[in-house]
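Listed below, chain by chain, are the residues.
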Amino acid sequence: MWTPTKNQKFGVAIYNFEAEHVQQALRLDVGETVQILEECCGWYRGFSTKNRNLKGIFPAQFIHLKPFKIDNEGIYETVTPVEDPVVQEAASVLREWGQIWKDLYVVLGTPHGDQELWDAVRKTMMDIADWRKMLITGTLTSDQIGQIKLKITRKIDWGNRRLGLDLVPRVDGEMVDPDAVSVVELYRVHVLSAETSQGHTQGLGTLAKKKDRRKAQSHHLFFCMRDFSYHLGEDAEVFFSLYDACKGKFISERFLVKLSKEGFFNYVEKIHSNCTIFTDLGSADLSSELYIVAHVVRVGRMLFSESVKKSSSHSYRRPHGVALFRLAPSVLQGADGEVELTGKLFSSDEKDFWQLPELVLKKQSNKYSIMSNNASYGLVVSVKVVHGELEQATKENPLLLKNVCITKKLGFSDVIMPGDVRNDLYVTLNSGEFERGGKSVAKNIEVTVLALDVDGQPLECIYSGMGHEGSTEYASMIMYHNNSPRWNERLKVAIPIDQFGGAHLRLEYRHCSTREKNEKKLFGFSFIRLMDDEGGTTFRDGSHELCVYKCDERARLNNPAEYLTMPFLSKEAVDCIYSLPFQRSPKEFIVIDTLLCSTKLTQNVDLLSLLRWRSAPDGIGETLSRVTRVDGAETVKFLQDVLDALFAMFSTDDGNSTQHSGHVFQALVFIFSLLEDTKFEHFKPVMDAYITGHFAAALVYKGLISCVKHLSDLCPQNEKQEPIMRCFRSLEYIFKFIIQSRLLFARATGGQNEDSFRIDVDNLFESFAHMLNMHLENIENSQITLLEHLQGACDQLCQVLSPGEVANHLSNLFNATPFESTRELTRAKLNAMKNSVNSSLFDDDDGRAVLLETICTHLRQHLEGRQELRLCGDVLSDLVIVIHKHVKSHYSGRLPPSLHQDVETVMLTLFDVVVQLILSLERTAPSSGTLVACLMGILQLMEEAHYSRLWDANVGADAHRLRHLLYSTTVLLSDLVRAAVFPSDWFVMRMVTNHTILTAMQEIAQPLISTFLKQGRFDNQLWSNYLNLAVGFLTQPCLQLEHFSQQKRHKVLERYNDMRVLMGFQILSMWHNLDDHRLHFIPGMVGPFLEVTLVPEPELRKATLPIFFDMMQAEQQAKGNFKQVETELIDKLDILVSENKGDDEYRQLFNTILLERVRSNDPVWRESGTAFINSVTRLLERLLDYRNVMQGDENCDKRMSCTVNLLNFYKNEINRQEMYIRYIYKLHDLHLPAGNFTEAAFTLQLHASQLAWTQRMLHADHLYPAQTETQRKELIYMKIIENFDKGKCWEEGIPLLEELAAQYRIRLFDYQKLSEVLKRQARFYEEILSCNRHDNEYFRVGFYGLGLPLFVRNKAFIYRGLEYEQIRDFTQRIQTEFPQAKILPPNTPPDDTIRSSDGQYIQICAVKPIPEPNPKFDGLEVDERILKYYAVNHVRCFFYDRATYRGGADKDNEFKNLWIERITYTIESELPGILKWFEIIDQRIEQLCPPQCACETVEKNNKQLKQMSLQYRANPHDNIQPFTMRLQGTIDAAVNGGIAKYQDAFFGPDYLHMYPENSEHVNRLKVLFNEQTLILEGALELHGKIAPLANQPLHRRLVEVFEDLRNKVRKICSTPQSQRSVSSLQSTPPPPLTHRRADSDPATEFRRIGSIINSPLPPLPSDKCAASLSSSSTSGHSSQRSSQASSLYAHFQSASHDDELYAKPQEWDEGVGGSQRDSRPRSAFITDSRGSSPKSLTKSLNSDYVIVPSSKAVSDDSQRWRHSRPPSPHAPRNSGTHDSLNTSWSDSQGSQESLPPLPPRGSEKQIRSVSLGGEEDVPPPVLPKRMGKKCPSPAMYGSDQFLGDDVDGCSSSGDGLSNGLPASTPTTPPLLSPRNHRTPPPPPIPPKTTSTPITPLSPPTSFTLNTSGDDLTPTTPTNVIVDQHLDGSHNSLHENYSVPTRLQPQLPPPSQ
């Protein structure tokens, strides 16, 4: 049974719990915290703190329980672990940063990645985790714990700042509880935390006073010698000291490290003998150029030699070298931690050794050199700077500084501590001058220094360097053979203070011989007395020249009394005339420097005379006058003695004043003022201790008060204000002595004279008030000084007077200060008020009541006058903070009346003025934040009774004041909510502010309802302000919890709940109260309320959505419709959803809730309301789709689709033109960056279509200025034309240019613009003909799966690809847009499983466009460059071919069973359009049989060959390689077997028996093969002309192969089918000539049209074909071109069918324009582009050549060529069946004569008939048996149809044309024009089979006419009669088509 837990409430998972096989289990990860609710049998039930809504069970042994505390015990209890706050914060931060760190890792490889930030966050997280672990272990000392916590908080604040997270407000490194402090105090914490987080001390917010943050502090330098790599061979001493290069002097004692001759071995272990700390460095020292100087002294022989192994009996100190280490500023600031420094040793001559550091710094390299060393380094040291007091620094760095010796600064530090005891005398051996003494060389002089007491006993107080014990004597370095040595050696003499008076120093001089046996020989001495016997002062600091007395026996010096009476300074010895015990050497002397640092001894005579004033009472006046000249350091050292002396002189024993009282008071003021100096501020505790423990003058209080009053009274009259100002600055200590004296007096007398004391104090403050009330310029500084230091005196007065009395005195002074005073005086008064607020007076109810009213009154005056706003804000801030602290102290109960009254005083006095002031200030004003915090603080203090009192105080008679107050407050709060005054990362501050505003708004609602609604004073503006404020509050970003992390969201909900919901219900309550006044807020509040409902909080949405029903109901009842609600709702919905508000859940709730309300209430407008709600729901769906794709370059296409959906919605469903146009330009702006200029132009045309050419004025908007409708349409047209120009769609821009030209020409008469438009139009035409445009590819894209967006889900589209974009690039682009989608194979349609799955699937394949009919080109010959555009543009239909095999693929010949499934798609709009894709709305599937597939393949190849021929005719100098490869791949098709495969597949004897229905396709295939041979023939002839010499062998090879290919084609086409009757074909007599031109005969006609290109096509061997021809011919040219435009046969590309009849001709699709239209410009076949002269060509016919045209092979070429030349002559058939015509080319007999001009039409003679019969041994093919019935037969074919044209409209009967016109006779020209005649349908086929001749193609350049009558005779039953004479107008009809000589056919012999 599950039981609630009591002691197990909180824990941490210590193992992963997967929870796969356990029901109701909760998955847990290691480190996840859980809250436990129940337990049962070793299992817990609870939830993870990551997701509190998901509850489950988990094993108890997986959880480590932790101590906890419970808040709000019960159902809504909150359990928090009882941990150190820093530990808890670290854990929370690591969880939050962990997710951010993972997100940073995800984007590392993108342009938004930041490797440096990722590394920094990782390192910081690791540091925090390690430090947190150290805290949890509990093994650290308290100091170490504090240090670790400090590091953690610094790192957290640094990381939050770098990651853009919220600022954590801290006090002393600990987080601030916002419930425990006032809003104002919280604001200050945020300010200070922000400042410190931006500085180097990241994250140390503090509320300390400014005086605690002074910069005057000590710094210390830790030093450690790490290594010494030089080998000296003897012992050594290394002295380290600090050197100030700027001052050129040493500033520290010397630190000594002694080295043995074996070397330095203390590198690894930090032994303290080589470490020290240089203390008491000031800020000025750190800012100077500091060096560490190392002096190395060798200790051993006089002259060292490696060869001498014997040790010396004497040790001499000899100079060796110097090293310097520069301390960089970063080192001195301590930012780099402990830093290691390396230096080399420098050496010089011994005479320059004393100044060697300066020589090195000055780089005088001629005087020093670098010492050699075997190691790469020399001397290695490490340093680290620590800050603060030495004791504190040692605590912070215990491992570093503990037990380390101290090396003090020379002199006192910047800060002198009272407890410091120091008595150090520093002696520097500077230089000396000695006589030679009869020796030939100079002496080796050693100076020995001794310190002797009064008895002559040596004192152990001499230190050569710190780090070692003191000694009784010190031996100097020896300068070899130098009688004028300079040492510059400094030693420290630390004589105890009690022995200092009689002590002296003695210097003994000895000569040291280089000989080992000789002893050191004494030859003289000097001495110095350390204290003056008479004055009691010590020896003066400075340089001193000492006398040298001769002495060669040490025993003579044992009694110091003998020489102490002698003068010791050279200047004193000069005047000495009496005999001395020792003889002075007049030419010898020594110079030393002394410096005394003592806290007990003084060198100042004036100070000594003050202390001994009783011994000379007559000189008191002089002594007091010189006190101010005494150095402050000397004064504070003897502070207690000085004060005792001064107070003893101040008054007599009975308390009366003396003649020196005034001077004593000035001396006291001087000493008090010293304590204000930062150098001596630490002596204030000494002063306080003196007052409370040693001061005993009980009668001086009256005299001190009198002195102060006297100075105050004299202030207006005295010119010198400095003494008065000094007195006022010392008021605190003066009153301390006054109060202590009074207390001593009262204690001694039992409280006598208390009234007298009160009177004296009253008089003093009256004097102050009188002085403050004066307007005199000379006393202003004194007034300011008094106000600044007044509070110190008042604080002291509170010890003897009540706080109320003191507050009255202070209040009177504030009131005495005039309001209209100078700025400085005003600032001083406000500062005084600020000090009083923070004083103890405000802790007393009476004192606070008195001062509060006065301060509030003054603040109101200054705030109204906009004076010193920042300072007024500070005063008010302190005021609110103090009151809040007192309120918090009574939080458990009701506020006492005094505090309640205090809050009311502040509220009534300052609330309204603060509101008005904040409204008038800019948000960037310095005081803005403080004043807002103060206002929030006041609101936080106010209770319900205070609000009621505020409303009552302002209601008045007409409530005007109340209305003004409410209006100002709501406006201000709205402004604060909308534009937050606090930074975005001040989250805690913002939440407290919002909670305060929420509480205030609940109170503000009361007067709105009671006064401005129910009493008939409804105020629309007030209510609107309130509702807008509520909406702004609810929708502000910092309250949107869904954007927060889990931890942050939980903290907010735990402390404040969801304030949005609370405010939402407040809005709902106010809305219900409005009742009949709701109409006032329509439509103004529709948008704000919509914004409320869009907040993603289900409860809030459900509660507030019905407001829209109320609005619709209110407007419907008032106006009969709800048009305003509808319009405003749609407008605002568009804007808000684009701002990332709303979701699909909202769409469903909106629809469900409102429809339910409509159904339940059943209003009269139910039908329109339902329609409106559904319409808005659809709009929401489109807007959400649009918003979901707003970001990311990969979503550009999605944005376009959604934009089109929206603009269509606004146009078609709700007819909102302004929204429609808005989205037009959004779509346009999307197209331009993507380079979709054509689509951008079509998009703008949507707007242009809304405009007319009128002069109506249009309003200005963000895109266009105010202008007429014509001007705007003209401007849009220009943009459209510009985009069409960029998109190379000049055909679309030309109509617009024509429309503009018409406007300029007819209506506007602007010829300048007209000329520009016409020039651009002309350029567009030129671009169409000259520019090479690449055809865009088209792709079908299907989107399947429920995981895709709604607007593409389970839909298919046709995409228009980018320029030069192939399917691979297109697929990659689509995959980028849908990265989660899987690509389906293109040949497999998706099933329902894929469509209904949750995934994303995309299917992509390339499709071909089907051009739309273009009637404007019917009947015209149009340049291919013009027609090419319409082949791939303005298209709506597309097809896709998929290969299938029926019965399985034939391995030997796959063409036999190859079927094509053709799918034709129709889209909803033409491409190109406003998008690059449109949805497919229709789909049709048809099957193409194998012969059809073959026909399309061959036909496509033919088209490509023709297009390539045209290309190389126009540009013969282009690279010929593609042309050659195309020819080779077609002629010599070695891959798929070429024609043989087709012959085997379709031309076999059994194929038509098996598939008779495919006969027409088989016959058409033969025609296409024949056409191909003709095309190849011309192409080869062209290739032979333009091919370079290197390609000629290949060309000849191609010609040879072509002959074989042509023979195969002849054989295929001439082979009889089983259905044909060969004998009938051979025995059929020729039909009579029924129709030929009157001006021609057969022979000349053949000569004229000798090329097969000008010959008619043969009839089809099928009645079915004939019937189709007949129907085709009656449809007219328009229908013909329409059918041609929709019949495109593309080569199908598949993996199993890549190699067709030709060598992969699809590879040349782009090069030769494979997707272009088949129509060609007439000029391409009429004009010789090269301008060459016509060449002759002899022709002949061969019966082996058979062409069978297809009835469905309709191409554009046939149309163009049919219109380009007259109808060919024809002969009617008399038989009932058709026969194939056999024609062939044969090589000519070398005839190369030029062609004669064409004779005029009508004058030609019939020369001979053309024989169309073949060889006798080759019978012509017969028609199939099913051709026995009568059917129409084509009798006339355009000669161009051999290139693939169909036969339509060119047949006639024997009696005439089918249109009823008479048939032309041999002497009559044709009655029909070849350009405008619509050819009649063919007549029925005669009953007997005939053979119709076919004339061969004409040569490309020209042709010759042979007039010989024996040229051509008919050889078949049918003859063609041609006219000899042609019309001269047709001389230009020369074909640009030539055949090489060896390819020219031989004419057959004439028939007899």
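By convention here, each chain's residues receive numbers from 1 onward along its written sequence. The predicted nature of this model means local features are confined to residues of pLDDT at least 70 and side-chain atom pairs, given and counted, to a pLDDT of 80 or more, with totals for whole chains, interfaces and linings taken over all residues. As a rule here, side-chain values cover all heavy atoms of the structure and leave hydrogens and water aside.

### Some thoughts on the overall build of the chain
- To qualify as a helix, a DSSP run of H or I must reach at least 4 residues; to qualify as a strand, a run of E must reach at least 2; elements of each kind are numbered from the N terminus. When its secondary structure is counted, the chain shows 62 helices and 42 strands.
- When burial is assessed residue by residue, the chain has 56% of its 1952 residues classed as buried.
- Whether two residues are in contact is decided by their heavy atoms, any of which lying within 4.5 Å being enough. Residue pairs in contact within the chain that sit at least 24 positions apart in sequence constitute 76% of those at least 6 positions apart.
- In these tables, accessible area is a Shrake-Rupley quantity obtained with a 1.4 Å probe, and a residue counts as shielded only by the protein chains included in the view. Accessible surface, the chain: about 83300 Å² in total, of which carbon and sulfur atoms supply 50%. Accessibility here uses a 1.4 Å probe with only protein chains present; expressed as a share of the type maximum, an area under 20% marks a residue as buried, one over 50% as exposed, and anything in between as partly exposed.

### Overview of the pairing of strand 27 (residues 486–493)
- Of all the eight residues making up strand 27, six are buried; the element is thus mostly covered by neighbouring parts of the structure.
- Note on pairing: two strands pair once DSSP finds at least 2 bridges between them. Relative to strand 27, strand 23 (residues 423–433) runs antiparallel, the two sharing six bridges. By the bridge assignment for strand 27, valine 427 is matched with leucine 491.

### Details of helix 24 (residues 803–816)
- Each residue after the first adds 1.5 Å to the expected span of a helix. Here helix 24 is 14 residues long and its end C-alpha atoms lie 20 Å apart, about the 20 Å a rise of 1.5 Å per residue gives.
- For helix 24, the full list of buried residues reads Gly804, Val806, Ala807, His809, Leu810, Ser811, Leu813, Phe814 and Ala816.
- The secondary structure elements touched by the buried residues of helix 24 are helix 21 (754–772), helix 23 (790–797), helix 25 (823–837) and helix 26 (845–864).

### Let's talk about the nonpolar core
- What makes a nonpolar core is a set of buried Ala, Val, Leu, Ile, Met, Phe, Trp, Tyr and Cys residues whose side-chain atoms join them at distances within 4.5 Å. In this structure, Phe1108 and Tyr1210 are the most contacted members of the largest nonpolar core, which totals 309 residues.
- Ranked by residue count, the leading element in this core is helix 32 (residues 987–1010), at 12 residues.
- Residue contacts for phenylalanine 1108: discarding those within four places in its chain leaves Val1086, Phe1089, Leu1090, Thr1093, Leu1129, Tyr1146, Phe1150 and Leu1154.
- Phe523, Phe527, Val548 and Cys551 belong to the second-largest nonpolar core, a separate cluster that totals 65 residues.

### Details of helix 20 (residues 731–749)
- End to end, helix 20 covers 26 Å across 19 residues, agreeing with the expected 27 Å (1.5 Å per residue, within 8%).
- Looking one or two residues beyond helix 20, the residue adopting positive phi is glycine 750, at roughly 80°.

### Focus on unusual backbone geometry
- A cis amide bond links isoleucine 1082 with the next residue in sequence, proline 1083, at an omega value of 5°.
- Inspection of the secondary structure puts proline 1083 in the loop between helix 35 (1059–1074) and helix 36 (1086–1093).
- The amide bond that connects leucine 1471 to the next residue, proline 1472, takes the cis arrangement and shows omega of -5°.
- Residue arginine 866 is not a glycine yet carries a positive backbone phi of 55°.
- Along the polypeptide, arginine 866 turns up in the loop between helix 26 and helix 27 (869–889).
- Positive phi outside glycine occurs at asparagine 1057, with the angle close to 60°.
- Among the structural elements, asparagine 1057 can be located in the loop between helix 34 (1046–1056) and helix 35.

### Looking at the pattern of salt bridges
- What counts as a salt bridge is simple: a side-chain nitrogen of Lys or Arg found within 4 Å of a carboxyl oxygen of Asp or Glu. Evaluation of the coordinates by the stated rule reveals 83 salt bridges.
- Glutamate 904 is the partner of arginine 949 in a salt bridge, and the nearest nitrogen-oxygen pair spans 3.2 Å. Remark: glutamate 904 occurs in helix 28 (residues 897–920) and arginine 949 occurs in helix 30 (residues 944–955); sequence separation between them is 45 residues.

### A closer look at the packing of helix 23 against helix 24
- The axes used here are C-alpha line fits, helices contributing only the stretch in contact, and every angle between their N-to-C directions lies in the interval 0 to 180 degrees. Relative orientation of the contacting elements helix 23 and helix 24 amounts to 160°, with a least axis distance of 10 Å. Considering the angle they form, helix 23 stands roughly antiparallel to helix 24. The handedness of the crossing between helix 23 and helix 24 is right-handed. Contacts between helix 23 and helix 24 involve Leu790, Gln791, Cys794 and Leu797 from the first element and Val806, Leu810 and Leu813 from the second.
- Across the contact of helix 23 with helix 24, the residue classes break down as six nonpolar, one polar and no charged. Each angle gets one of four labels, with under 35 degrees taken as roughly parallel, over 145 as roughly antiparallel, 65 to 115 as roughly perpendicular, and the rest as oblique. For any pair of crossing helices, the crossing counts as left-handed if the nearer helix is rotated counterclockwise from the farther one by less than a right angle, and right-handed if it is rotated clockwise. Note on residue categories: nonpolar means Ala, Val, Leu, Ile, Met, Phe, Trp, Tyr, Cys or Pro, charged means Asp, Glu, Lys or Arg, and polar means any other residue, Gly included.

### A closer look at the sheet that holds strand 22 (residues 405–407)
- Strand order in this open sheet of five strands is 18-21-11-15-22, and the pairing throughout is mixed. Either end of the sheet is taken by a strand with one partner, and the two such strands are strand 18 (339–343) and strand 22. If you compare each strand with its neighbour and ignore which way they point, the axes differ by 30° on average.
- Two strands pair when backbone bridges link them, and strand 15 (residues 275–281) and strand 22 are joined in this way by three bridges, in the parallel orientation. When the sheet's bridge partners are listed, threonine 276 is paired in strand 22 with cysteine 405.

### What to know about the sheet that holds strand 24 (residues 445–452)
- If you trace the nine strands from one edge of the open sheet to the other, you get 25-27-23-31-30-29-28-24-26, paired in antiparallel fashion. Of all strands in the sheet, those bounded by a partner on one side alone are strand 25 (462–463) and strand 26 (473–475).
- Where strand 24 meets strand 28 (residues 504–511), eight bridges bridge the pair, whose relative direction is antiparallel. Considered in strand 28, the bridge of isoleucine 445 is made with histidine 511.

### Digging into the environment of cysteine 547
- With respect to the helices and strands, cysteine 547 occurs in strand 30 (residues 542–550).
- Judged by relative accessible area, which is 0%, cysteine 547 ranks as buried.
- Sequence separation of cysteine 547 and serine 570 is 23 residues, and the distance between their C-alpha atoms is 5.0 Å.
- Beyond its immediate sequence surroundings of up to four residues, cysteine 547 is in contact with Phe525, Ser526, Pro567, Phe568, Leu569, Ser570, Ala573 and Arg584.

### Points about the side chain of asparagine 444
- The residue asparagine 444 is located in the loop between strand 23 and strand 24 in this model.
- From its side chain, asparagine 444 meets the backbone nitrogen of histidine 481 in a polar contact 2.5 Å long.
- Apart from the residues within four sequence positions on either side, asparagine 444 is in contact with Met302, Ile478, Met479, Tyr480, His481, Arg510, His511, Cys512 and Thr514. Identification of polar contacts relies on pairs of N or O atoms within 3.5 Å, with a donor-acceptor requirement for protein atoms, meaning one able to donate a hydrogen and the other able to accept it, and with residues adjacent in sequence counted only if both atoms are side-chain atoms.

### As for the side chain of glutamine 740
- Its place among the elements puts glutamine 740 in helix 20.
- Accessibility expressed as a relative area gives 14% for glutamine 740, which makes it buried.
- In contact with glutamine 740, other than residues within four places in its own chain, are Ile691, Thr692 and Phe695.

### A word on the packing of helix 28 against helix 29 (residues 928–941)
- Following both chains from N to C, one finds helix 28 and helix 29 inclined at 145°, their axes separated by 10 Å at the closest point. By crossing handedness, the relation of helix 28 to helix 29 is classed as left-handed. Judged by residue contacts, Val903, Val906, Met907, Phe911, Val914, Val915, Leu917 and Ile918 of helix 28 engage Leu931, Val932, Leu935, Ile938, Leu939 and Leu941 from helix 29.
- Looking at side-chain class alone, the contact of helix 28 with helix 29 contains 14 nonpolar, no polar and no charged residues.

### Observations regarding the packing of aromatic side chains
- Only centres within 6.5 Å qualify two rings of Phe, Tyr or Trp (six-membered ring in Trp) as a pair; their planes then separate them into stacked at under 30 degrees, edge-to-face at over 60, and tilted for everything else. Applying the stated criterion across every chain, the model contains 67 aromatic pairs.
- Centroid distance phenylalanine 1018 to phenylalanine 1081: 6.2 Å. Interplanar angle 85°. Geometry classified as edge-to-face. Of this pair, phenylalanine 1018 sits in the loop between helix 32 and helix 33 (1020–1035) while phenylalanine 1081 is found in the loop between helix 35 and helix 36, placing the two residues 63 residues apart along the sequence.
- With centroids separated by 5.5 Å and ring planes inclined at 25°, the aromatic side chains of tyrosine 1210 and tyrosine 1223 adopt a geometry described as stacked. Taken together, the residues span a long stretch of sequence, with tyrosine 1210 in helix 42 (residues 1196–1213) and tyrosine 1223 in helix 43 (residues 1217–1234) at a distance of 13 residues.
- Looking at tyrosine 1210, the relative accessible area reads 0%, which means it is buried.
- Definition used: whenever NZ (Lys) or CZ (Arg) falls within 6 Å of the ring centre and also within 35 degrees of the ring normal, the charge is taken to sit over that ring. One residue, lysine 1048, lies across the ring of phenylalanine 1044, its end atom 4.5 Å from the ring centre.
- Just above the ring of tryptophan 1459 sits the side chain of arginine 1446; from NZ or CZ to the centre is 3.6 Å.

### Some remarks on the confidence of the model for the chain
- Residue-level confidence of the predictor is summarised by pLDDT, bounded by 0 at the bottom and 100 at the top. In this model, the chain carries a mean pLDDT of 78, and residues with pLDDT of at least 70 account for 79%.
- Within the chain, strand 34 (residues 1338–1344) carries the highest mean pLDDT (95), whereas helix 57 (residues 1622–1627) carries the lowest (32).
- In the model, residues 200–216 has pLDDT below 50 throughout and makes 38 contacts with residues more than four positions away in sequence or in other chains.

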